Amino acid sequence: MTEHFSSISAGMAGKAMLQLNSVTRDFPGVRALDAVSFTVLGGEVHGLIGENGAGKSTLMAIASGALAPTDGQVFISGKPIKGDPDGARELGLAIVHQEPALMPDLTVAENIFLGMPHKLRPQVSGMAAFARQALDRWNPDLSFGPEDVVSSLNPEQRFITEIAKALAAQPRILVLDEPTEHLGAEDVRRLFARIRELTAGGASVVYISHRIREVREIAERVTVLRDGQGQGTYPMDTLDEGRIIELIVGSAIEHPFPEKGGNLVDAKPVLMVRNFSGDGFRDVSMAVRHGEILGLAGIDANGQREFLRALAGRNAGSGNVEVNGKAVSVASPGQARKAGIGFLPGDRHHEGILADLSVRENFSIRSTETDTVSGLVSEQRERSRVRDAVAGYNVKTPSIETPIRSLSGGNQQKLILSSVVGAEPAVMLIDEPTQGVDIGARAEIYRILREIANNGTTIIVVSSDAAEIAGLCDRVMVFSRGQIVRELKGDDVVENNITEAVLTSTTERHRYEKSIGWFWKWAAGHWAPIVLVGLAILAVGAYASSISPFYLSARNFSGMLALVGTLALVAYGQQFVLLIGEIDLSVGPVMGLGVVVGSFFFLQDAGPAMALLGIVMVLAAALGVGFLNFLLTEKLGMHAMVATLATFIAVQAVSLTLRPQPDGLIGPGVYNVVGAKIGFVPVLIFVAVALALFLEFGLLRTGAGIALRGFGSRRESARVAGISPFRTRLAAYLLCSFFAGLAAFPLMIQVGIGDPKSGINYTLASIAAVVIGGASLAGGRGTFLGALFGALMLNQVNVVATFLRLSDAWTFYLQGIMILLGVAIYSHSRRMAASH
Amino acid sequence: MSDLTSRTREKMPSLTERIGEYGWIWIGTVLLFLISWVVAPGSVSKGALLSMLPFAGMLGIVAVGHTLVIQQRGLDMSAAGSIALGGMLVSMLSAWGWPLYLAVLGGLAGGMLAGLCNGLLVTRLSITPIVTTLAMGAVLTGLVRQISHGTPIAAPQALKEFATQRVAGLPYSLLLAVLFIVVVATITRRTIHGRRFVAVGVNPETAASAGIDAERYQVGAYVAAGLSFSVAGMLFAGYIGNASHTAGADYLLPGIAAVVVGGTPFTGGRGSVVASGIAALFMTQLGQMVLSMGASNAVQLFVQALAIVLAVGLRTADFSMFRMKSAR
């Protein structure tokens, strides 16, 4: 391990490796960083601490080039960097994100490959060995390997992949963002050992955490952030814990918690839960009283959150639930709401707010009934209720019509809280009441919660912050492995007791285990669609040949394969765009345009020069459309469906202008070349197969192919890995149109004349072929061989339907059923194989 | 510097913001009729308008269906099949001797059933909407061909009369379209279910956490779309005089185009069926104006494509400038 870093000279120690000069960053409505300066010296571990939302991750996103600062400069080893992740990486910066920046549809090896700076990047053929080595260096006994697809890994395994990737890049500056959140104790020790090795070699480490003790253990200097402002950099040994906390929160904190509820023993139980079980928890029973705040504590993933979500109808749960003595069902969110259960989720951004809607709409969505007069919502009543809530909960917003996303985290949380209360639930379930909320708003939220409880609502709180539970709750239940293992009441509800109970009850971090049937695991893989569709083609063929001997005739095959070749070519094009998660509707008209353009050049007596010009013109026309599609999506920001719908129409207009009526017979030269056969087999199909193999190889075994799939799999991660969105998208659209242009040549000999309406059906057919071949419309997944097989399958079914003398209705039924069946199997298997 | 940025953020709403996403289409439509009046007076004569309006109405109803599905982040590519099915069912059931109202109910049920299948496949099996509805479109096309054996069926007489008659000088089909749009708009904007529908479209996870059974609204969007398409299909059959298996082909993409031009974004949640309806009028009149100026089909198509690009460009141009500012 050490010889690995010997190349890094010890002379770097003490020099500024990473320097940020008064960096400011604005987001819509919020200033995340305000003139923060930060310097990391060679050979040091530099702690970066602050509360959630203090701006630590934003600062490091700017340092690593993932974000550009609104103002200020960043220097890595003295060189300026601005919003260029690739450049930062080349200068030796590696970052381990709290949410791993991996591309889920790619393998571990491919992700590590893309994460390397160019000079360290292995050959694609050596990618797996390189990744194996990187993983082994972390821990030779890992339960996963380089060939595993990232989406099938659990959070811990993903995080280890992220760390192994960063270490393999031989960083001179390593940024670790909350690294211990996802790691077990053993891996934390491993991490600390690696950090010491790195700094011994002269490299520096930035260690971001909100856990003060951890930072004190590992860091030599520390910088504190509060509300986007730097609070100074200090040698670690000059600060004691109290002083650090003071720097983090701004002042010596006075007690932020309100008076507790007093004696609740005689209060009547409101919520009764008996033998409630679900995914992650089992046989949980409890009675929660009128006006009581109950806290659920435990190490993450021990069932407390899952239990809460099941009560809210968000996860499946079974058992007896009673609210105010009445048995209720919590089988769905709607039923839970009707039962008098209100829910405030922890992940505010993803499931708390309706980001695009106004403060008013976000408030009233949970209690629209109240504003409804004879079936219609009274906007007057609604507004007055919203104004009351905004005033009563002290929500700072310019107006009630402001989109909620432009409010600060604390104000969003207060508004959503007021909305849940507005529905007047008997029981309120609250997951992480103050996550991402600044300290001032935090005290306010505690006060409000106690008020709500005093007014008679029963509250259950899940929180990972023991101090919060201790200060807020009347009673605490500690979860371990899905069950309640301890209950703390009255004077026992203090932080130390809770922390101790949590730590002693769970000796080991819960490990995620999930067994997946071999079939689903295989079916989620790269080759399964090809095998499945191939088998279906053979089965249908065998059946057809048993019905009619003509099926196996040369004439039938010859005709069918020519059609397959045409569809396959355009399907390859469509595959490129689907791989990046977009769609191209214009391919059909582009083929028609190719036929029309060709009809001007491939005349009966066309010479080779004319023919060559024709080929160039057909392909140039196609590429022109591809470029237009790129401009519309990239530059005008249009949705791919909408952009290519516009070009779908416009390209037809061009074809109709060139040939208002079908005209211009296609000359014999095209028939001779494109329609050539070896025996009875059209040369076209050989070309299509060769192209599929070539493209497949490129997709799986070249850097460009991996980058294309990575971009489609997750754009943000791909961008951070230095894949240019601009170039990738340009390439996808140009290649798509190019292949549609190629497909125009075989279409010419099918149509025979410059028909402006030809080719249009190929748009939907190309999508169908690719989808049957296993492509995901979400991007990142798909194969060219699959597209070829999809094209073969579609034509096979058409042919067989005629042999069976089925009505033409049946060709449509079979197409529809084939698509649905194929996609249902693929999407089900991918969900089964994914760890979540 | 910081003063400057905070001041720009609190500035008065710009003209674009005041017109709003759905205001443009009203302005555009008024302008279009003014331009038509100047450059192609023939296209705004009484006769021309009366023959254009029923088509605008039918396209408007189709666009309403598309809007609802797009609000749920979906897309219904089976519209053509549902349109053809609506016309075919009402004609076939009438030919069997069913009274018109029952035949109409049968047509509606057919469209809604197709929508239900779409919705359940999308939500329960999590198949991408485009793929689901593409496949369902193929199945519906097969069904329509099976019913018709490839030849058109005459529409019932009463339906023909309804589709071609006028009241107070306006075609019934237009009035039906207006009524349809007003009802759907009122439901989505002013009722509990409408509010929940929008919330689910904006963010199904948030909606579920707020106690809304999101799946119900997602499936409901497809059912409502199927209903819209079958209504349009029946009107179309009545207007043309017969139901053919190719009836819907000309309405699928124009219907989606109308939604786009109307300003409903593909990002889900927000949307306006009224804007889509007006956009249907806009697109239909645009085609008529261009044709009556003596331009070819090609020019007509070209102008439509341009309308889509401009419609989206106008709305995004302003915002994208904001985005560039904050990104730098």
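Because the structure is predicted, anything quoted here is derived from the model rather than measured. (Residues numbered from 1 in each chain as written. Chains lettered and ligands numbered in written order. Predicted model: local features only at pLDDT ≥ 70, side-chain atom pairs only at ≥ 80, totals over all residues. Heavy atoms only, no water.)

Participant: So what's going on with the overall build of chain B? Which residues, and what values?
Facilitator: When you go through chain B residue by residue, the secondary structure sums to 15 helices and four strands. For 328 residues, the compact-globule estimate of 2.2 N^0.38 gives 20 Å, and chain B sits close to it at 21 Å. Judged by the C-alpha coordinates and their principal axes, chain B covers about 75 × 55 × 35 Å. The 328 residues of chain B split such that 57% are buried. Pairs at least 24 apart in sequence give 78% of the contacts found in chain B among residues at least 6 apart. With the model as given, the accessible surface of chain B reaches about 13,500 Å², and the carbon-plus-sulfur share is 69%. Averaged over its 20 positive side-chain charges, chain B has a centre that lies 4 Å from the centre of its 11 negative ones. (Helix = DSSP H or I, 4+ residues; strand = E, 2+ residues; numbered from the N terminus. Rg over C-alpha atoms; globule rule 2.2 N^0.38 Å. Buried < 20%, exposed > 50% of the residue type's maximum accessible area, 1.4 Å probe, protein only. Contact = heavy atoms within 4.5 Å. Areas by Shrake-Rupley, 256 points an atom, 1.4 Å probe, with all protein chains shown as cover. Lys, Arg positive; Asp, Glu negative; His and termini not counted. Charge placed at Lys NZ, Arg CZ, Asp CG, Glu CD.)

Participant: Tell me about unusual backbone geometry, and please be specific about residues and values.
Facilitator: Residue and element names in this part refer to chain A. One non-glycine residue with positive phi stands out, namely A35, at about 50°. Within the fold, A35 resides in strand β2 (residues 30–41). The class for A35 is partly exposed, based on a relative accessible area of 43%. The phi dihedral of R481 falls on the positive side, at around 45°, and the residue is not glycine.

Participant: Please provide a residue-by-residue account of the packing of aromatic side chains, values included.
Facilitator: All names here are of chain A. All told, the structure shown has 22 aromatic pairs over all chains when counted by the stated rule. With 6.1 Å between their ring centres and 80° between their planes, Y572 and F784 make a pair best called edge-to-face. Residue Y572 is found in helix α20 (residues 554–579), and its partner F784 is found in helix α30 (residues 784–803); the two are separated by 212 residues along the sequence. Take Y572: its relative accessible area is 0%, and that puts it in the buried class. Residue classification places F784 among the buried residues on the basis of a relative accessible area of 1%. Judged by centre distance (5.2 Å) and plane angle (85°), the ring pair of W810 and Y813 falls under edge-to-face. (Phe/Tyr/Trp six-rings, centres within 6.5 Å; stacked < 30°, edge-to-face > 60°.)

Participant: An account of the interface of chain A and chain B is needed here, citing residue identities and associated values.
Facilitator: Listed by partner, the interface residues are 72 residues for chain A and 62 residues for chain B. Measuring nitrogen to oxygen at the nearest pair gives 3.1 Å for the salt bridge that ties E369 of chain A to R196 of chain B. In this structure, the connection of chain A to chain B is made through 16 residue pairs in polar contact (both at pLDDT 80 or more). The biggest single contributor to the side of chain A that touches chain B is helix α31 (residues 808–833) of chain A, with 13 residues. Across the side of chain A that touches chain B, the residue classes tally to 38 nonpolar, 19 polar and 15 charged. (Salt bridge = Lys/Arg side-chain N within 4 Å of Asp/Glu carboxyl O. Polar contact = N/O pair within 3.5 Å; in protein donor to acceptor, adjacent residues only side chain to side chain. Nonpolar A, V, L, I, M, F, W, Y, C, P; charged D, E, K, R; others polar.)

Participant: Give a detailed account of the nonpolar core, specifying residues and quantitative values.
Facilitator: With 253 residues, the main nonpolar core has L174, I195 and Y572 of chain A together with I308 of chain B as its most contacted residues. With 13 residues, the top contributor of residues to this core is α20 of chain A. Two domains each provide a minimum of three residues to this core, namely domain 1 (2–249) and domain 2 (524–833) of chain A. Excluding residues within four positions of it along the chain, I308 of chain B makes contact with M638, V642, L645, A646 and I649 of chain A together with A257, V260 and V261 of chain B. Of all hydrophobic cores here, the second largest spans 43 residues; its members include L417, V420, A441 and I459 of chain A. (Core = buried A, V, L, I, M, F, W, Y, C linked by side-chain atoms within 4.5 Å. Domains from an automatic or database assignment.)

Participant: Help me get a handle on the sheet that holds strand β19 (residues 427–431) of chain A, residues and values and all.
Facilitator: Residue and element names in this part refer to chain A. Taken together, six strands build an open sheet; the order of strands is β16-β19-β20-β13-β21-β22 and the sheet is mixed. Since the sheet does not close on itself, it has two edges, and those belong to β16 (341–344) and β22 (483–489), each with one partner. For this sheet, the mean angle separating the axes of adjacent strands, direction not counted, is 20°. Alignment of strand β13 (residues 293–297) against strand β21 (residues 475–480), held across four bridges, turns out to be parallel. Paired with A297 across the strands is V478, a residue of β21. Its contacts with the sheet put helix α14 (residues 409–422) on β16 and β19, and the angle it makes with β16 is roughly 175°. (Pairing = 2+ DSSP bridges. Axes fitted to C-alpha atoms, helices over the stretch in contact; angles between N-to-C directions.)

Participant: Can you lay out the sheet that holds strand β12 (residues 281–289) of chain A for me, pointing to particular residues and giving the numbers?
Facilitator: All names here are of chain A. Spatial ordering of the open sheet is given by β12-β11-β14-β15, a layout of four strands whose pairing is antiparallel. Across the chains shown, the open sheet's two edge strands, defined by having one partner strand only, are β12 and β15 (326–328). Direction aside, neighbouring strands of the sheet carry axes that sit 15° apart on average. Sheet analysis places strand β14 (residues 317–323) next to β15, joined by three bridges and oriented antiparallel. Bridge pairing in β15 places V323 opposite K326. Running over the sheet, helix α9 (residues 304–311) touches β11 (269–278), β12 and β14 and is turned about 115° from β11.

Participant: Tell me about the pattern of salt bridges, and name the residues and values.
Facilitator: Side chains carrying opposite charge are able to pair once their charged atoms draw close together. Residue and element names in this part refer to chain A. Under the counting rule described, the total for this entry stands at 37 salt bridges over all chains. Between K165 and E162 there is a salt bridge, and its shortest N-O distance comes to 3.5 Å. Of this pair, K165 and E162 both sit in helix α5 (residues 155–168), three residues apart, which is roughly one turn of that helix. Using a relative accessible area of 12% as the deciding quantity, one classes K165 as buried. Residue classification places E162 among the buried positions, given a relative accessible area of 0%. Its salt-bridge partner being E292, residue R475 comes within 2.6 Å of it at the nearest N-O pair. Note that R475 is positioned in strand β21 and E292 in the loop between β12 and β13, a separation of 183 residues in sequence. For the pair shown, R475 and E292 are each scored as buried.

Participant: I'd like to hear about helix α22 (residues 608–635) of chain A, residue by residue, with values.
Facilitator: All names here are of chain A. Over its 28 residues, α22 runs 39 Å from end to end, which matches the ideal 40 Å to within 8%, given 1.5 Å per residue. Among all positions in α22, only G614, V618, L619, A622, V625, G626, N629, F630, L632 and T633 are buried. In the segment just after α22, G637 is the residue with positive phi, at about 65°. (Expected span 1.5 Å × (residues − 1).)

Participant: Now, about a nonpolar patch on the surface: what can you tell me, with residues and values included?
Facilitator: On the surface, I27, V30, L31, L34, I35, W37, V38, V39 and M293 of chain B cluster together into a nonpolar patch covering about 890 Å² of accessible area. Locating W37 of chain B in the fold gives a position in helix α3 (residues 23–39). (Patch = residues over 30% accessible without salt bridge, like charges linked within 9 Å, V, L, I, M, F, W, Y side chains within 5 Å.)

Participant: For the domain arrangement of chain A, give the residues involved together with the corresponding values.
Facilitator: Residues and elements named next belong to chain A. Segmenting chain A into domains produces domain 1 (2–249) and domain 2 (524–833). Taking only C-alpha atoms into account, the centre of domain 1 sits 44 Å from that of domain 2. Taken together, the contact between domain 1 and domain 2 spans 20 residues of the former and 21 residues of the latter. For the domain 1 and domain 2 pair, buried surface summed over both sides reaches about 1,700 Å², with 56% attributable to carbon and sulfur atoms. Summed over the three residues of domain 1 that lose the most area to domain 2, namely M103, D105 and V124, the buried surface amounts to 30% of that side. (Buried area = accessible area lost by both parts, 1.4 Å probe.)

Participant: An account of the pairing of strand β9 (residues 221–226) of chain A is needed here, citing residue identities and associated values.
Facilitator: Residue and element names in this part refer to chain A. Examined bridge by bridge, strand β3 (residues 45–49) and β9 share four bridges and lie parallel to one another. Of the residues in β9, the one forming a bridge with I49 is V224. Relative to strand β10 (residues 229–235), β9 runs antiparallel, the two sharing five bridges. Counterpart to V222 in the pairing with β10 is Y234. From the end of β9 to the start of β10, which pair antiparallel, there are two residues, and D227 there has a positive phi angle of about 45°.

Participant: Give a description of the pairing of β14 of chain A that names residues and reports values.
Facilitator: All names here are of chain A. With six bridges connecting them, β11 and β14 associate as antiparallel partners. Bridge pairing in β14 links G278 to G317. Linking β14 back to β15 in an antiparallel pair, the connection comprises two residues, with N324 at a positive phi of about 50°.

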